[in-house]
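# Coordinate analysis (summary)
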Protein chains: 2
Amino acid sequence: MTLKTLGAQAAAALDRELMGSGAFSIDQLMELAGLSVSQAVYRVHPPRLGLNILVACGPGNNGGDGLVAARHLFHYGYKPSIYYPKRSNNELYQRLAKQLEDLDVPFVDDFPAALKSTHHIVDAVFGFSFSGEVREPFPAVIRALEETKLPVTSVDAPSSWNIDEGPPKSGLGSNFQPAVLVSLTAPKPLARFFKGRHFVGGRFVSPKIARQYDLDLPQYEGIDQVVEVDHNGQKL
Amino acid sequence: MTLKTLGAQAAAALDRELMGSGAFSIDQLMELAGLSVSQAVYRVHPPRLGLNILVACGPGNNGGDGLVAARHLFHYGYKPSIYYPKRSNNELYQRLAKQLEDLDVPFVDDFPAALKSTHHIVDAVFGFSFSGEVREPFPAVIRALEETKLPVTSVDAPSSWNIDEGPPKSGLGSNFQPAVLVSLTAPKPLARFFKGRHFVGGRFVSPKIARQYDLDLPQYEGIDQVVEVDHNGQKL
């Protein structure tokens with residue numbers, strides 16, 4: 001029994017297929033992805049452990065998942081704050097940010113400074129489409145994530161890790177090992193290098209798509225949008 | 001202490017505001033509304049009570065909420081089937097229907113016949129924008145909902161009821177009293193005439209909007225997307 005994973009190219013193909021023949025909109029998928037992340041955070045870091053959650057959002061879809069998760073966390077009673085230094089012109093991300101502004105959720109400029117007053121961190125910087133190098137201003141964020149003693153929940157990938165090959169062999173990100181990983185749709189190959197608590201989320205994959213991509217659909221409980229799995233991908 | 005409600009006109013204004021200055025897309029709101037409905041169904045009719053759920057969908061947004069709820073119910077392990085006789089050309093509803101077809105969820109043509117093999121019914125025929133008369137082919141559906149002994153969960157409104165004034169005084173719908181009502185965003189005035197189990201859902205209303213429309217934000221538990229309330233709108 002080994003962990004079934006979805007490589008970077010297959011993950012991109014599955015995403016295109018969900019939004020193509022699968023007829024999902026990105027709004028829908030991002031809402032459900034962010035909801036999954038928020039439920040995993042609630043599980044590993046319930047409100048009694050501290051309400052302040054710092055959500056680091058990258059410029060792409062991973063950052064969008066983080067924005068959605070932050071909104072749900074607000075409604076659960078947390079006090080999220082958002083680090084979102086590279087806002088794109090993408091209309092969807094702008095709307096997700098506006099939804100947070102309407103809740104008076106603060107957007108912070110200095111990530112290392114913001115770390116000092118938070119209880120938990122959500123790493124929504126880079127996701128399954130990441131490759132190559134970490135561009136400014138994110139190297140300082142990755143360094144802070146490597147050095148912090150606070151628990152970090154990474155969305156789909158510990159940011160800076162290669163999706164198929166795992167953590168960098170040396171340098172930036174090579175010592176980053178978050179406490180929690182939420183794999184959306186299916187674990188990526190990098191999950192084999194991950195040592196913390198692992199959740200799978202994204203309860204919208206059809207049995208057909210799972211067969212087509214040779215995925216194990218996780219055994220969700222009840223109405224949960226995430227399930228915690230062991231290192232073989234089996235439900236804990 | 002009396003139930004605070006949102007009249008038909010105010011509900012329409014709030015909806016426009018969420019999608020205007022609130023920057024929500026209808027995809028997002030419908031996903032969260034349908035998710036709320038699915039969670040209420042799970043609460044009142046857990047899988048051990050029978051897996052077959054018949055979802056009656058009207059031609060508008062209420063029907064769209066039903067389509068989303070049916071998809072989540074499928075993923076919870078139920079066997080939904082859909083009665084959706086008046087499909088519109090609306091691109092969103094077409095996509096929501098396609099998502100169900102990809103799960104091999106059956107669409108049925110004969111509502112009274114389909115009732116014979118179901119365990120629970122979701123009434124997503126008409127919502128807060130309903131007024132006037134019940135058009136074909138829905139009178140037979142309302143009659144069947146009045147007569148059935150099966151539990152019915154109505155989405156936002158028992159279909160055929162006047163949003164502000166409640167059940168028709170006589171004729172079609174006057175004897176329709178569903179077992180469960182899921183009020184989305186806030187209870188409508190018709191909820192004062194409702195005698196069953198009442199849930200409020202739609203956990204996306206900001207405190208600002210709640211103040212502006214003089215709504216009580218319901219006291220949701222944990223990560224729940226619905227909360228059961230008493231006849232005063234207080235959490236049970």
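Preceding block: the structure.
Residues numbered from 1 in each chain as written. Chains lettered and ligands numbered in written order. Predicted model: local features only at pLDDT ≥ 70, side-chain atom pairs only at ≥ 80, totals over all residues. Heavy atoms only, no water.

## Focus: the side chain of B:Q99
- Here B:Q99 is to be found in helix α4 (residues 91-101).
- Judged by its relative accessible area of 2%, B:Q99 falls in the buried class.
- Contact partners of B:Q99, with chain neighbours within four places excluded, come to A:G22, A:A23, A:F24, A:Q28 and B:R71. (Helix = DSSP H or I, 4+ residues; strand = E, 2+ residues; numbered from the N terminus. Buried < 20%, exposed > 50% of the residue type's maximum accessible area, 1.4 Å probe, protein only. Contact = heavy atoms within 4.5 Å.)

## Focus on unusual backbone geometry
Residue and element names in this part refer to chain A.
- Residue P137 follows E136 across a cis peptide bond; omega there is 0°.
- Its place among the elements puts P137 in the loop between β4 (120-124) and α6 (138-147).
- With a phi angle near 75°, D156 is a residue other than glycine that sits in the positive phi range.
- Relative to the helices and strands, D156 is located in the loop between β5 (152-155) and β6 (180-184).

## Thoughts on the relation of the copies chain B and chain A
- The transform that puts chain B on chain A rotates by 180° and translates by 0.0 Å along the axis, for an RMSD of 0.0 Å. This pairing of chains is accounted for by a two-fold axis. (Least-squares fit on C-alpha atoms with pLDDT ≥ 70 in both.)

## A look at the interface of chain B and chain A
- Taken together, the 34 residues of chain B in the interface contact 34 residues of chain A.
- On the chain B side of the contact with chain A, B:Q28, B:H75 and B:I223 bury the most area, a combined 19% of that side's loss.
- Run the count over chain B and chain A and you get two salt bridges.
- Salt-bridge contacts for A:K208 lead to B:D104; the nearest nitrogen and oxygen are separated by 3.5 Å.
- At the junction of chain B with chain A, the criterion picks out 14 residue pairs in polar contact (both at pLDDT 80 or more).
- When contributions to the side of chain B that touches chain A are tallied by element, the ones reaching two or more residues are α2 (26-44), α3 (61-75), α4 and α7 (207-212) of chain B. (Buried area = accessible area lost by both parts, 1.4 Å probe. Salt bridge = Lys/Arg side-chain N within 4 Å of Asp/Glu carboxyl O. Polar contact = N/O pair within 3.5 Å; in protein donor to acceptor, adjacent residues only side chain to side chain.)

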